[in-house]
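In case you want the letters, here they are:
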Amino acid sequence: MKHGRFERRLVLALLVAALAPIPVALWLANLLADDSVALGLNPRIEQALGQAVAVYPQLFRAKRREHGLRADLLARDPALDAPPAETRAHLEALCNASPELLRVAVSGEGLTTVARRCTGRAQGQRELALTRRSPGGRSVSFVFGMPEATFEAFREAEALSKVYRQLGQRRDEVKRAYFLAFLALLGGWALLAAGGGLWLARRTTRRILALVEATRRVSSGDLDARVEVSGQDEIADLAAAFNRMVEEIRERGERIVYLEKISSWQEIARRLAHEIKNPLTPIQLSVQQLESRYDGTDPKFRALLDQVVEIVREEVETLRRLVSEFSEFARLPNVDPEPQDLGRWVEEFVRQKTNLPEGTALEVELPERPLVVPFDRTLLRRVLVNLIENAVQASEGTGRHPRIRLAVRQENGRALLKVEDWGPGIPTERLSRIFDPYFTTKETGTGLGLAICKKIVLQHGGELSASNRSEGGACFEIRLPLALE
Ligand SMILES: Nc1ncnc2c1ncn2[C@@H]1O[C@H](COP(=O)(O)OP(=O)(O)OP(=O)(O)O)[C@@H](O)[C@H]1O
Ligand SMILES: [Mg+2]
């Protein structure tokens, strides 16, 4: 794919803009990682955690010693050597005196074991069994309870301290992970931005390259070159303006060519009219003289003479009409435009148009608002008369009453005057020739009507085109520039 210089520069600028902050951001990320690692992995916290863990075994040892001392003390009581009933009552008293005692039992010679479970002591206790001798030699076993929750807390503290110690050992790894996460995030973002930029740049430059290519084609003479108008930005405006400009150049070129062609035809018409007109009178006079001078009595010759004179008179008359049409075509006046409302003028034209064949339906469609156009009333009238005349003549062969519709409206910044009929339409192969002077399909036509119309419209800076309506019938469109406000 071809890359424009503009595209490369744009992508480079985007990449620089996206990548430039990365070193600073990484430096900052490093600092932050250092800070947070330092805050999270503080050696004082590690030390405090270690100390907290060490406190628990001491606590357990102290408790064990305390329970041992208590067992020593309780076993020393002589009441433990009393007969069974009293001993049982004494064990009850021991339970009440030691809240951490879970069970106590006394056994000895001649004594079935007396045991006592201290009621109301909480569940979930770790037991510590100790055996002592009473003064009388009986064996006294004590079971003390230590809350299981304390052991739980110890285990948790130990696990925490271990994790913390491991984290401390992996300090560099943690920092690297922070760094990599930042790098991935920023790098990914930069690549995304550059990718987005590239896509945007390519979209823009592709359209600019299309414009450059079209401009090259136009400069090498190809006036059919157009660019696609897509989107709603300045480049789309530029593309639309470019297309309009090329269309205008094409129209102007065609206008000039047509006007040049018409003026050479006008020159020919002028000469022809001149050459034909001069001998017409002598021809007619000579034949008339021949007729009046003959005084013979041959009835056959008399009849032949009358016939010849009549033919010559008719043909001279036809030639005179032709000469007058040729001269009229040769003398087409220049336009004298005046800004005025085209809709109002068409309305007036329709009101005055009385010489249409009977039964002709003339419909009009006018714009709601005035459409101010600079035009020459007399010459535009001639255009409209010619077009309506053609429409009426075209409808004659259909066996129906002629139907014609005139429509005035604004379209694409120009005034449009449409003349449509319900006749047979124009065969496609003829469409390109009907504006040529002397092209006619009628026996008595000169073929000058449409040439005159086109010349007048072109002189107004407008366009005259012909087409066929989809429902049948011809459609002539006059496009005129609007008056400048
Ligand atoms: N409305 C129409 N429907 C069908 N064909 C048409 C229509 N208008 C013009 N044409 C065709 O275009 C030809 C040229 O028309 P143009 O007005 O230039 O000359 P003409 O009408 O033949 O002669 P003239 O205008 O001198 O009477 C016509 O002969 C006809 O074949
Ligand atoms: Mg005509």
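It should be emphasised that the depicted structure is a prediction, and the values quoted were computed from it without experimental measurement.

1. Details of the overall build of the protein chain
Then, number 1: Secondary structure summary: the protein chain contains 12 helices and 11 strands in total.
Then, number 2: A compact globule built from 485 residues should have a C-alpha radius of gyration of about 23 Å, whereas the protein chain, at 59 Å, is more than 25% larger.
Then, number 3: Overall, the C-alpha framework of the protein chain stretches about 200 × 50 × 40 Å when taken along its three principal axes.
Then, number 4: When contacts within the protein chain are restricted to residue pairs at least 6 apart in sequence, those whose partners lie at least 24 apart make up 68%.
Then, number 5: Summing over all exposed atoms, the protein chain offers an accessible surface of approximately 30200 Å²; the carbon and sulfur share of this is 55%.
Then, number 6: Of the side chains in the protein chain, 69 bear a positive and 65 a negative charge, and the two mean positions are spaced by 10 Å.

2. Examining the pattern of salt bridges
Then, number 1: Summed over all chains, the structure comprises 32 salt bridges.
Then, number 2: Here E420 and R405 are joined by a salt bridge, their closest N and O atoms 3.1 Å apart. Here E420 is found in strand β9 (residues 414-421), whereas its partner R405 is found in strand β8 (residues 403-411), with 15 residues between them in sequence.
Then, number 3: Judged by its relative accessible area of 8%, E420 is buried.
Then, number 4: In this structure R405 comes out as partly exposed when scored by relative accessible area, which is 25%.

3. Some points on the layout of surface pockets
Then, number 1: Here the largest pocket defines a volume of roughly 920 Å³.
Then, number 2: Contributing to the lining of the largest pocket are 33 residues, with N390, Q393, T440, K442 and G449 lying nearest its centre.
Then, number 3: At the level of secondary structure, the elements contributing two or more residues to the lining of the largest pocket comprise α8 (299-330), α10 (377-396), α12 (449-459) and β11 (474-481).
Then, number 4: Broken down by element, the lining of the largest pocket gets its largest block of residues, 8 residues, from α10.
Then, number 5: Partitioned by chemical class, the residues of the lining of the largest pocket number 14 nonpolar, 11 polar and 8 charged.
Then, number 6: Shared between two domains, the lining of the largest pocket takes at least three residues from each, and those domains are domain 3 (234-330) and domain 4 (338-481).
Then, number 7: Empty space within the second largest pocket amounts to approximately 450 Å³.
Then, number 8: If you go around the second largest pocket, the residues you meet are R244, E247, E248, E251, R252, R255, E411, N412, G413, R414, G461 and R479.
Then, number 9: Per-element tally for the lining of the second largest pocket: the top contributor is helix α7 (residues 234-293), with 6 residues.
Then, number 10: Here the lining of the second largest pocket is built from residues that sort into no nonpolar, 3 polar and 9 charged.
Then, number 11: Of the domains in this structure, domain 3 (234-330) and domain 4 (338-481) are the two that each give at least three residues to the lining of the second largest pocket.

4. Focus: the site of ligand 1
Then, number 1: The full set close to ligand 1 counts 20 residues, and T440, T441, K442, T446 and L450 are the nearest of them.
Then, number 2: N390 is positioned with one of its side-chain polar atoms (N or O) 2.8 Å from an oxygen atom of ligand 1.
Then, number 3: Backbone polar atom of G447 to an oxygen atom of ligand 1: 3.2 Å apart, as the coordinates give it.
Then, number 4: Protein contacts shield 92% of the accessible area of ligand 1, which totals 600 Å² for the unbound molecule.

5. Describing the sheet that holds β8
Then, number 1: Pairing within the open sheet is mixed, and its 5 strands lie in the order β6-β8-β9-β11-β10. The open sheet has two edge strands with one neighbour each: β6 (361-365) and β10 (463-468). Sheet twist, expressed as the mean angle between neighbouring strand axes with direction ignored, is 15 degrees.
Then, number 2: Across 5 bridges, β6 lies against β8 in parallel orientation. The partner of L362 across the bridge, within β8, is I404.
Then, number 3: α10 rests against β8, β9 and β11 of the sheet, and its axis sits at about 140 degrees to β8.

6. Topic: α7
Think of an α-helix as 3.6 residues a turn; residues three or four steps apart then line up on the same face.
Then, number 1: Compared with the 88 Å implied by 1.5 Å per residue over 60 residues, the 87 Å span of α7 between its first and last C-alpha is a close match.
Then, number 2: Of all the bends in α7, the largest measures some 25 degrees and sits at L280, one to four residues before the proline P282.

7. Structural notes on the domain arrangement of the protein chain
Then, number 1: Partitioning the protein chain into structural domains gives domain 1 (5-40 + 170-208), domain 2 (44-166), domain 3 (234-330) and domain 4 (338-481).
Then, number 2: Taking only C-alpha atoms into account, the centre of domain 1 sits 83 Å from that of domain 3.

8. Considerations on the environment of A269
Then, number 1: Within the fold, A269 resides in helix α7.
Then, number 2: On a C-alpha basis, the gap between A269 and A225 in space is 37 Å, while along the polypeptide they are 44 residues apart.
Then, number 3: If we skip the residues at most four places from it in the chain, A269 touches F326, F329, A330 and Y438.

9. Topic: the sheet that holds strand β4 (residues 139-147)
Then, number 1: Spatial ordering of the open sheet is given by β2-β1-β4-β3, a layout of 4 strands whose pairing is antiparallel. In the strand order of this sheet, the two ends are held by β2 (111-117) and β3 (125-133), each with one partner. Sheet twist, expressed as the mean angle between neighbouring strand axes with direction ignored, is 15 degrees.
Then, number 2: Relative to β2, strand β1 (residues 101-108) runs antiparallel, the two being bridged by 5 bridges. In the strand pairing of β2, V104 is matched with R116.
Then, number 3: Of the strands in this sheet, β3 and β4 are in contact with helix α5 (residues 148-169), which crosses β4 at around 50 degrees.

What counts and what doesn't
- Residues numbered from 1 in each chain as written.
- Chains lettered and ligands numbered in written order.
- Predicted model: local features only at pLDDT ≥ 70, side-chain atom pairs only at ≥ 80, totals over all residues.
- Heavy atoms only, no water.
- Helix = DSSP H or I, 4+ residues; strand = E, 2+ residues; numbered from the N terminus.
- Rg over C-alpha atoms; globule rule 2.2 N^0.38 Å.
- Contact = heavy atoms within 4.5 Å.
- Areas by Shrake-Rupley, 256 points an atom, 1.4 Å probe, with all protein chains shown as cover.
- Lys, Arg positive; Asp, Glu negative; His and termini not counted.
- Charge placed at Lys NZ, Arg CZ, Asp CG, Glu CD.
- Salt bridge = Lys/Arg side-chain N within 4 Å of Asp/Glu carboxyl O.
- Buried < 20%, exposed > 50% of the residue type's maximum accessible area, 1.4 Å probe, protein only.
- 1 Å grid on protein atoms, 1.4 Å probe; cavity = no way out; pocket = protein on both sides within 12 Å on 5 of 7 lines; lining within 4 Å.
- Points joined across faces, edges and corners; volume = space filled by probe spheres on them.
- Nonpolar A, V, L, I, M, F, W, Y, C, P; charged D, E, K, R; others polar.
- Domains from an automatic or database assignment.
- Near = heavy atom within 4 Å.
- Polar contact = N/O pair within 3.5 Å; in protein donor to acceptor, adjacent residues only side chain to side chain.
- Pairing = 2+ DSSP bridges.
- Axes fitted to C-alpha atoms, helices over the stretch in contact; angles between N-to-C directions.
- Expected span 1.5 Å × (residues − 1).
- Bend = angle between axes of the 7 residues up to and from the residue.

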